[in-house]
There are 2 protein chains.
Amino acid sequence: MITVKWTEANGWETPELKPYGPFQLEPTASCLHYATEAFEGMKAYRGVDGKLRLFRPDLNAKRMNLSSVRIALPSIQPEELEKLIKEFISIDGPKWLKDPNTFIYLRPAIIGSGAQLGVQRPREATLFIIAVLFPPMDKPTGMRLLASTEDMGVRAWHGGHGASKVGANYGPTLQAQGAAGARGFDQVLWLLGPEGRVTEAGASNFFVVWKNKTTGRTQLVTAPLDDRIILDGVTRRSVLELARKHLSHEATEPRAGGEDLEKIEVVEENFTITDLIQAYDEGRLLEAFACGTAFFLAPINGIQYKDKDMEVPMPVTAKDGSKAGKYGGVIKTWLKEIMYGVVDHPWGVVINERGPQ
Amino acid sequence: MITVKWTEANGWETPELKPYGPFQLEPTASCLHYATEAFEGMKAYRGVDGKLRLFRPDLNAKRMNLSSVRIALPSIQPEELEKLIKEFISIDGPKWLKDPNTFIYLRPAIIGSGAQLGVQRPREATLFIIAVLFPPMDKPTGMRLLASTEDMGVRAWHGGHGASKVGANYGPTLQAQGAAGARGFDQVLWLLGPEGRVTEAGASNFFVVWKNKTTGRTQLVTAPLDDRIILDGVTRRSVLELARKHLSHEATEPRAGGEDLEKIEVVEENFTITDLIQAYDEGRLLEAFACGTAFFLAPINGIQYKDKDMEVPMPVTAKDGSKAGKYGGVIKTWLKEIMYGVVDHPWGVVINERGPQ
């Protein structure tokens, strides 16, 4: 692991690379009481060409700075953080990732680590980077979502911190998520406000493909960033960029796998659970998926809202038997090709490995 | 300190009493990433009669259970927690509190302490109780508040967790609080929604005394609990109960200090910053105070909202030179009398001391 200490008095200290092990934290540490904590999630991939890659690490580093500042922790130079992450994985990657088509999850995080019980800006912080191995979390059979009702609360709100990757966005959702899990759902589809605006699925961004109710045109739709309710996901952003470039009416570069698909409109705008139900009832709902680093791009096979149970189509079956929507499936393939070096792409950042130590 | 471990598999383990010292926490501990943490704030008081007291510890214990469950941590038997707190202070109190009219702050807290990077209910938790000495925080000259504007965010919202004492309510407010502090304000007066509903002052409940704009009757007003936006403060509740019993039109027991005050209406209802400004402009704003365990009952001498600067009256000067409003001042005196054993009262719970160890 890498740790870097920061103090109000002296700023950032020299990063330390050390074996993974527990922190010693005073019981009065700010992060244990006031949720002064922020993090990032990213993966390092062992490509089919044997190379180690990060996927758009510059975006994680920039967002980590925004999240840290939002939660009253110090600002972080994104370029410096990106260097640290690369340094870390150049050493740790070779140890854990031997085989092509494998990945390891990286968790940069920052916590208010000083003993400080007063409710105020932390005067000491610790940034750390750890790596964790876990299996792919996207279910080949698709995920089933439970749309939130009033008693489950809301994930984020106007003037809150839904756009930041801070701990305070996660803990408060776990009770509802646990209850949904006990009822057999994979994730909660978080709605907001009396109109039931669709925001995020679990801790992932949410996309739907439908035929627009007015124009009848096929659209890929997700909630917008401008009101800062949802997370500016790296996968979300990449999905939108690939769809615009290769699948939209304005697509400048057709790409293998997308040639036979009907052109779509790529739209970031608010929609409600009522819109979703109406699309379903009128046979306009074509597919849905959640995306984020942990779950990657996870097709959704069903959504329940109160008594309404919607089966979401997953018309494509891949060679490995996994199901997907048409658009989600091809975008996922394109993302994989970049992550695992099937194609050369500026988003797939090759890491110079130091070899096992 | 006292610590008690809980695991999903085995439930609560036996409490351990041990010297204060750091926790060892894995870098993947849930509380460091997902804000799975909740706490309480309470004080133990050395009375004028030499006895050690807690103030309504049953209320803290009950609220701690609600907060813990809200943040997906285990439920806590309030009676058991109250016993533990009493046990702890019966041993630690004699060490730190020698002189009458002194207090020590107690912090029971619970954290998701297990190594668990998945975004899910913690499977391990640690409850702990520590004691911290700090000087009184209520300023004798009164506090000056900066009412929040849109850029400062909101503290809590419908369907959120504003009514729970969870870390996730605090960290996100520190940036705005730091900025307000840098501009010379003591706390932020948190407004909510486009109408600017007045909710809390810093991490305290907020009260105003004004003449009702329609009836002209004098009212003690604070935000209500029913929409779960604000914290159900122990001091807030006690202020309301004392005011109803001794100062309202329905007062059943007149009490020394309150006889000469005009009778008031005690009201829990929403009001907006516009209502507050209107009352000020029309000379109907009589006083304001914040209350909570840390700040006790802190008179407010000014509130600024955007370009509007309001001076809040503090007509009473106490023997020690401190200023207060008429109603806030007398309620504070009554609370002190209970806390420090000047009067016998069921809220002042005497602790059987074990003597220094």
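Residues numbered from 1 in each chain as written. Chains lettered and ligands numbered in written order. Predicted model: local features only at pLDDT ≥ 70, side-chain atom pairs only at ≥ 80, totals over all residues. Heavy atoms only, no water.

A. Highlighting the overall build of chain A. Counting its regular elements, chain A contains 7 helices and 21 strands. Rg of the C-alpha trace for chain A: 21 Å, near the compact-globule value of 21 Å for 357 residues, within the 12% margin. Seen along its three principal axes, the alpha-carbon backbone of chain A occupies a region of about 60 × 50 × 35 Å. Split into buried and exposed, the 357 residues of chain A put 61% on the buried side. (Helix = DSSP H or I, 4+ residues; strand = E, 2+ residues; numbered from the N terminus. Rg over C-alpha atoms; globule rule 2.2 N^0.38 Å. Buried < 20%, exposed > 50% of the residue type's maximum accessible area, 1.4 Å probe, protein only.)

B. Quick peek at the packing of helix H2 (residues 57-70) of chain A against helix H3 (residues 78-96) of chain A. Residues and elements named next belong to chain A. Interaxial distance between H2 and H3 falls to 8 Å at its minimum, and their mutual angle equals 125 degrees. Put simply, H2 runs oblique to H3. The way H2 lies across H3 gives a crossing that is right-handed. Here H2 contributes Pro-57, Asp-58, Ala-61, Lys-62, Met-64 and Asn-65 to the contact with H3, which in turn contributes Pro-78, Leu-81, Glu-82 and Lys-86. (Axes fitted to C-alpha atoms, helices over the stretch in contact; angles between N-to-C directions. Parallel < 35°, antiparallel > 145°, perpendicular 65-115°, else oblique. Left-handed = near helix turned anticlockwise from the far one by under 90°. Contact = heavy atoms within 4.5 Å.)

C. Representation of the packing of aromatic side chains. Counted by the stated rule, this structure contains 23 aromatic pairs over all chains. Seen in terms of ring centroids, Tyr34(A) and Phe39(B) are 5.5 Å apart; in terms of plane orientation they differ by 85 degrees. Their pairing is edge-to-face. Taken together, the residues span two chains, with Tyr34(A) in the loop between helix H1 (30-33) and strand S5 (37-39) and Phe39(B) in strand S5 (residues 37-39). Given a relative accessible area of 0%, Tyr34(A) falls into the buried group. Accessibility expressed as a relative area gives 2% for Phe39(B), which makes it buried. Here the aromatic cluster, defined as three or more aromatic residues joined through ring pairs, consists of Tyr34(A), Phe39(B) and Tyr170(B). Over the ring of Phe103(A) we find Lys43(A), and its NZ or CZ is 4.2 Å from the ring centre. (Phe/Tyr/Trp six-rings, centres within 6.5 Å; stacked < 30°, edge-to-face > 60°. Lys NZ or Arg CZ within 6 Å of the ring centre and 35° of its normal.)

D. The arrangement of the relation of the copies chain B and chain A in detail. Structural alignment of chain B on chain A gives an RMSD of 0.0 Å, achieved by rotating through 180 degrees and translating 0.0 Å along the axis. Both copies are brought into coincidence by an operation consistent with a two-fold rotation axis. In this assembly, 100% of the residues forming the interface of chain B have copies in chain A that are likewise at the interface, indicating an isologous arrangement. (Least-squares fit on C-alpha atoms with pLDDT ≥ 70 in both.)

E. Seen up close, the UniProt feature "modified residue: N6-(pyridoxal phosphate)lysine" (unreviewed entry) in chain A. Residues and elements named next belong to chain A. Under the local residue numbering, the UniProt record ascribes the feature "modified residue: N6-(pyridoxal phosphate)lysine" (unreviewed entry) to Lys-165. Mapped onto the secondary structure, Lys-165 falls in the loop between strand S10 (143-147) and helix H4 (171-182). Owing to a relative accessible area of 9%, Lys-165 belongs among the buried residues under this scheme. Look past the residues within four positions of Lys-165 in its chain and what remains in contact with it is Ala-38, Phe-39, Glu-40, Gly-41, Arg-63, Ser-67, Tyr-170 and Leu-231. (UniProt positions renumbered as here; feature names shortened; annotations may be inferred.)

F. Expanded view of the interface of chain B and chain A. If you look at the interface, chain B gives 51 residues, while chain A gives 51 residues. Here chain B packs against chain A, burying approximately 4,400 Å² in sum over the two surfaces, 61% of which is carbon and sulfur. Summed over the shared surface of chain B and chain A, the result is 0 salt bridges. Between the two partners, chain B and chain A, sit 26 residue pairs in polar contact (both at pLDDT 80 or more). Only strand S4 (23-25), helix H1 (30-33), S5, helix H2 (57-70), strand S8 (102-112), strand S9 (124-132) and helix H4 (171-182) of chain B provide two or more residues apiece to the side of chain B that touches chain A. The leading source of residues in the side of chain B that touches chain A is H4(B), at 7 residues. (Buried area = accessible area lost by both parts, 1.4 Å probe. Salt bridge = Lys/Arg side-chain N within 4 Å of Asp/Glu carboxyl O. Polar contact = N/O pair within 3.5 Å; in protein donor to acceptor, adjacent residues only side chain to side chain.)

G. View of the pairing of strand S1 (residues 2-7) of chain A. Residue and element names in this part refer to chain A. Judged by how many residues are buried, S1 sits mostly within the fold: 5 of 6 residues are covered. Note: S1 against strand S9 (residues 124-132), 6 bridges, orientation antiparallel. By the bridge assignment, Val-4 is partnered in S9 with Leu-127. Here S1 runs beside strand S3 (residues 16-17); their pairing, made up of 2 bridges, is antiparallel. Looking at S3, one finds that Thr-3 is bridged to Glu-16. Direction of pairing for S1 relative to strand S2 (residues 11-12): antiparallel, over a ladder of 2 bridges. Paired with Trp-6 across the two strands is Trp-12, which belongs to S2. In this antiparallel pair of consecutive strands, S1 and S2, the connection spans 3 residues. (Pairing = 2+ DSSP bridges.)

H. Seen up close, helix H3 (residues 78-96) of chain B. All names here are of chain B. Taking 1.5 Å of rise per residue, 19 residues should cover 27 Å, and H3 covers 26 Å from first to last C-alpha, within 8% of that figure. In the structure, H3 departs most strongly from a straight axis at Ser-90, where the bend amounts to approximately 35 degrees and where the proline Pro-94 lies between one and four residues downstream. Those residues of H3 that sit buried are Pro-78, Leu-81, Glu-82, Leu-84, Ile-85, Phe-88, Ile-89, Ser-90, Ile-91, Asp-92, Gly-93 and Pro-94. (Expected span 1.5 Å × (residues − 1). Bend = angle between axes of the 7 residues up to and from the residue.)

I. Focus on the pairing of strand S12 (residues 197-201) of chain A. All names here are of chain A. Of all 5 residues that make up S12, 5 are buried, and the element is covered over most of its length. Here 4 bridges tie strand S11 (residues 187-192) to S12, and the two strands are oriented antiparallel to one another. Looking across to S12, one finds that Leu-191 is bridged to Val-198. If you look at the hairpin formed by S11 and S12, you'll find 4 residues sitting between the two strands, and Gly-193 has a positive phi there, around 80 degrees.

J. Structural context of unusual backbone geometry. Residues and elements named next belong to chain B. In this structure, Arg-228 takes a positive phi of about 60 degrees despite not being glycine. Following the sequence through the fold, Arg-228 ends up in the loop between strand S14 (218-222) and helix H5 (234-246). The backbone of Lys-306 shows a phi angle near 50 degrees, a positive value even though the residue is not glycine. Relative to the assigned elements, Lys-306 resides in the loop between strand S17 (296-305) and strand S18 (308-311).

K. Main features of the side chain of Thr272(B). All names here are of chain B. On the secondary structure map, Thr-272 appears in the loop between strand S15 (265-268) and helix H6 (273-281). With a relative accessible area of 15%, Thr-272 lands in the buried category. Discounting residues that sit within four places of it in the chain, Thr-272 has contacts with Glu-195, Gly-196, Arg-197 and Val-198.

L. Up close: the pattern of salt bridges. Residues and elements named next belong to chain A. Applying the stated criterion to the full structure yields 44 salt bridges over all chains. For Glu-80, the salt bridge is made with Lys-83, and the minimal N-O distance between the two is 3.4 Å. Within this pair, Glu-80 and its partner Lys-83 are both found in helix H3, separated by 3 residues, close to a single helical turn. Residue Glu-80 is classed as partly exposed on the basis of its relative accessible area of 44%. Between Arg-237 and Asp-232 there is a salt bridge, with its nearest N and O atoms 2.8 Å apart. By relative accessible area, which is 24% here, Asp-232 ends up partly exposed.

M. Region of the structure containing the confidence of the model for chain A. On average, residues of chain A score 96 in pLDDT, and 99% of them reach the 70 mark or higher. Confidence metrics for the complex model read pTM 0.97 and ipTM 0.97. (pLDDT = per-residue confidence, 0-100.)

N. Expanded view of the packing of helix H5 (residues 234-246) of chain A against helix H7 (residues 326-339) of chain A. All names here are of chain A. It is the contact of H5 with H7, at a shortest axis distance of 10 Å, that shows an interaxial angle of 110 degrees. Taken together, the axes of H5 and H7 lie roughly perpendicular to each other. Taken together, the residues of H7 that come into contact with H5 (itself represented by Thr-235, Ser-238, Val-239, Leu-242, Ala-243 and His-246) are Ile-331, Trp-334 and Leu-335.

O. Quick peek at the state of the cysteines. Evaluation of the coordinates by the stated rule reveals 0 disulfides over all chains. In this model Cys31(A) remains outside any disulfide bridge; the closest cysteine sulfur is found in Cys31(B), 6.5 Å from its own. Of the residues examined, Cys31(A) reaches a relative accessible area of 0% and is grouped as buried. (Disulfide = S-S within 2.5 Å.)

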